[in-house]
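Here is how the chains run, residue by residue.
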Amino acid sequence: MKHAVLALAVSLLLSTVASAQAEDLSKAKALQQRIITLDTHLDTPANFSRPGWSILDHHHADEDGTQVDYPRMQEGLLDGGFWVVYTGQGPRTPEGNLKARDFGLKRLAEIREMAAANADKFEIATTADDAARIKKAGKKIVYISMENAYPLESDPSLLSAYYKLGLRMLSLVHTSNNDFADSSTDPKGPEWNGLSPKGKAMIAEANKLGIVLDQSHASDTVFDQMLELSKAPIILSHTAADAVNEHPRNIDDARIRKLAAKGGVIQVNSLSAYIIPTQRTPEYQAAARGLMTQFGGRSPRELTPAEFKQLAQQREALNAKFGVRRATFDDYMKHILHIIEVAGPDHVGLGADWDGGGGVTGLEDVSLLPKITQGLLDAGYTEAQIANVWGGNVIRLIGQVQAAADPDAVKAILD
Ligand SMILES: [Zn+2]
């Protein structure tokens, strides 16, 4: 018995030592200093208009739910990425489309204003070369992307205006079908059998201007058609692997191989409900919706810190009651390592869906990104391979897409 207690004490001590060693991230951090670290799906612009919230302040995910700000980017050595103009799909009516148009332009302006107001710390990037130049100048890299082309439904030619103002990546659709394409998760099923005629025209226009096409959220048929139609390689800006957790929002290995064969890149998503089986039954979902009505139907972003804490506690209790668990860092690494193995390290990156539902237990915000670097080192990847995963691959893709653009069309807009 005594021996058993001693053995337990020794093993506890050893595991403490082991975890202390695992937490020594100095090598990973030093590596990230030498490379460019990007994430291709930062939903952080949704926080820019939050009362009292500043990108320059250090926030905590458990206090206000946010995951990206300048101090935490510094801690996690995140150099920047694609900052998203995200619009939730609403009614596909003339009024709905105009509302989405105005919403998108407002969000775009907020991103540009954030960079302008903090010009010593952030800079808008529009070309592949901008990333290294901006990092060298000691600033954070702000590429701009659009998630859901709903703001372009009323007038697709607005894409040119967006391009002029910095947009360099475009996804057509979000969680429900729209005028451009079928979503992977619309309960009504496919409406266009992939892309609509308007969606196909948008692909041609994006190719012409050198805007990276993003398939994340679209259906598998859209993936097949986009890969076929696009004259340049495409991206999946925040998508996880079907082979690790089967979900309509994830992608299968055969398609990952096709993407890579055409020069494309997949950026791995960390959103819990996509990366592990969720057990989110209709009863659970109804209870979760009920929770939000207690807060007057406001979004978590609109709550005060005290209300946010209350919501987080109640949600935790709800999850415990229904046996719903949140994914862990190890769950996320499984997707990353699997996708690297299938696509090869030159066709993978990270798009964790920060401030858009991403983040897992053990990787709650961007301050912890060196854990991923360490995970890649532990898996035997070289510094050059890790540099490609963290930024090299997506930067190469931006360059390829721009090289395939129509120079006259680009010149007509930029001059
Ligand atoms: Zn998304």
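Residues numbered from 1 in each chain as written. Predicted model: local features only at pLDDT ≥ 70, side-chain atom pairs only at ≥ 80, totals over all residues. Heavy atoms only, no water.

Let us look at the overall build of the protein chain. When helices and strands are tallied, the protein chain shows 17 helices and nine strands. The globule rule puts the C-alpha radius of gyration for 415 residues at 22 Å, and the 21 Å found for the protein chain is close to it. Total accessible area computed for the protein chain in this model is approximately 17,800 Å², and 57% of it derives from carbon and sulfur atoms. Within the protein chain, one finds 43 positive and 52 negative side-chain charges whose respective centroids are separated by 1 Å. (Helix = DSSP H or I, 4+ residues; strand = E, 2+ residues; numbered from the N terminus. Rg over C-alpha atoms; globule rule 2.2 N^0.38 Å. Areas by Shrake-Rupley, 256 points an atom, 1.4 Å probe, with all protein chains shown as cover. Lys, Arg positive; Asp, Glu negative; His and termini not counted. Charge placed at Lys NZ, Arg CZ, Asp CG, Glu CD.)

Here we take up the packing of aromatic side chains. Using the criterion set out here, one finds five aromatic pairs in the structure. Residues W83 and F122 carry aromatic rings whose centres are separated by 6.0 Å and whose planes lie at 85° to one another, so their mutual orientation is edge-to-face. With W83 in strand β2 (residues 80-86) and F122 in strand β3 (residues 122-124), this residue pair connects regions lying 39 residues apart in the sequence. Under the relative-accessibility criterion, F122 is labelled buried at 2%. When the ring of Y284 is compared with that of F322, the centres are 5.6 Å apart and the planes differ by 80°; the resulting orientation is edge-to-face. (Phe/Tyr/Trp six-rings, centres within 6.5 Å; stacked < 30°, edge-to-face > 60°. Buried < 20%, exposed > 50% of the residue type's maximum accessible area, 1.4 Å probe, protein only.)

Time to look at the nonpolar core. Grouped together as the largest cluster of nonpolar side chains are 86 residues, with contacts concentrated most on W83, L152, L172, Y332 and I372. Broken down by element, the residue count for this core peaks at eight residues, all from helix α14 (residues 329-343). Formed by 19 residues, the second largest nonpolar core is a distinct cluster that contains A125, I141, V212 and L397. (Core = buried A, V, L, I, M, F, W, Y, C linked by side-chain atoms within 4.5 Å.)

Structurally, T66 can be placed in the loop between α3 (61-64) and α4 (70-76). At 2.9 Å, the side chain of T66 and the side chain of R72 are in polar contact. Sequence-distant contacts of T66, defined by excluding residues within four places in its chain, comprise N47, R50, W53, H59, H60, A61, R72 and D355. (Polar contact = N/O pair within 3.5 Å; in protein donor to acceptor, adjacent residues only side chain to side chain. Contact = heavy atoms within 4.5 Å.)

Within the secondary structure layout, T239 lies in the loop between β7 (235-236) and α10 (253-261). Of the residues examined, T239 reaches a relative accessible area of 2% and is grouped as buried.

Before going further, it helps to spend a moment on helix α9 (residues 220-229). For α9, the complete set of buried residues consists of V222, F223, M226 and L227. The buried side chains of α9 occupy one side of the element, clustering within an arc of 130° when seen end-on. If you follow the buried residues of α9, they end up packed against α8 (197-209), β6 (212-214), β7 and α10. (Arc of directions from axis to C-beta.)

This part covers the coordination of the zinc ion. Here the zinc ion is held by E147 (OE), H217 (NE2) and H238 (NE2), and the distances to it run 2.1 to 2.2 Å. Mapped onto the sequence, the donors of the zinc ion take the spacing E-x69-H-x20-H. With a gap of 70 residues between them, E147 in strand β4 (residues 140-147) and H217 in the loop between β6 and α9 connect regions that are remote in the sequence. (Donors = N, O, S within 2.8 Å, 3.2 Å for Na, K, Ca; no water.)

Next up on the list: the domain arrangement of the protein chain. Split by domain assignment, the protein chain resolves into domain 1 (36-271 + 329-414) and domain 2 (279-324). Put simply, the middle of domain 1 and the middle of domain 2, counted by C-alpha atoms, are 27 Å apart. Contacts between the two partners involve nine residues from domain 1 and, on the opposite side, five residues from domain 2. Summing both partners gives a buried area of about 560 Å² for domain 1 against domain 2, and 46% of it is carried by carbon and sulfur. Applying the counting rule to domain 1 against domain 2 returns zero salt bridges. (Domains from an automatic or database assignment. Buried area = accessible area lost by both parts, 1.4 Å probe. Salt bridge = Lys/Arg side-chain N within 4 Å of Asp/Glu carboxyl O.)

Here the focus is the packing of α10 against α14. Running from amino to carboxyl end, α10 crosses α14 at an angle of 55°, the nearest separation of the two axes being 9 Å. As the angle between them shows, α10 and α14 are arranged oblique. Note that α10 runs across α14; the crossing there is right-handed. Contacts between α10 and α14 involve D253, I256, R257 and A260 on the former and, on the latter, H338, I339, V342 and A343. Taken together, the residues that form the contact of α10 with α14 break down as five nonpolar, one polar and two charged. (Axes fitted to C-alpha atoms, helices over the stretch in contact; angles between N-to-C directions. Parallel < 35°, antiparallel > 145°, perpendicular 65-115°, else oblique. Left-handed = near helix turned anticlockwise from the far one by under 90°. Nonpolar A, V, L, I, M, F, W, Y, C, P; charged D, E, K, R; others polar.)

For the structure shown, the criterion picks out 22 salt bridges. The closest approach of N and O atoms between R92 and E191, which form a salt bridge, is 2.8 Å. Highlighted residues: R92 in the loop between β2 and α5 (94-117) and E191 in the loop between β5 (167-171) and α8, separated in sequence by 99 residues. Assessed through its relative accessible area of 38%, E191 is described here as partly exposed. The partner of R255 in a salt bridge is D220, with the nearest N and O atoms 3.5 Å apart. Here D220 lies in helix α9 and R255 lies in helix α10, a separation of 35 residues in the sequence. What emerges from the salt-bridge pattern is a single network uniting R92, D179, E191 and K198.

Bringing unusual backbone geometry into the picture now. Phi angles above zero are rare outside glycine, and L77 is one such case at about 55°. Positionally, L77 belongs in the loop between α4 and β2. Residue N193 is not a glycine yet carries a positive backbone phi of 55°. On the accessibility criterion, N193 (56% relative accessible area) is exposed.

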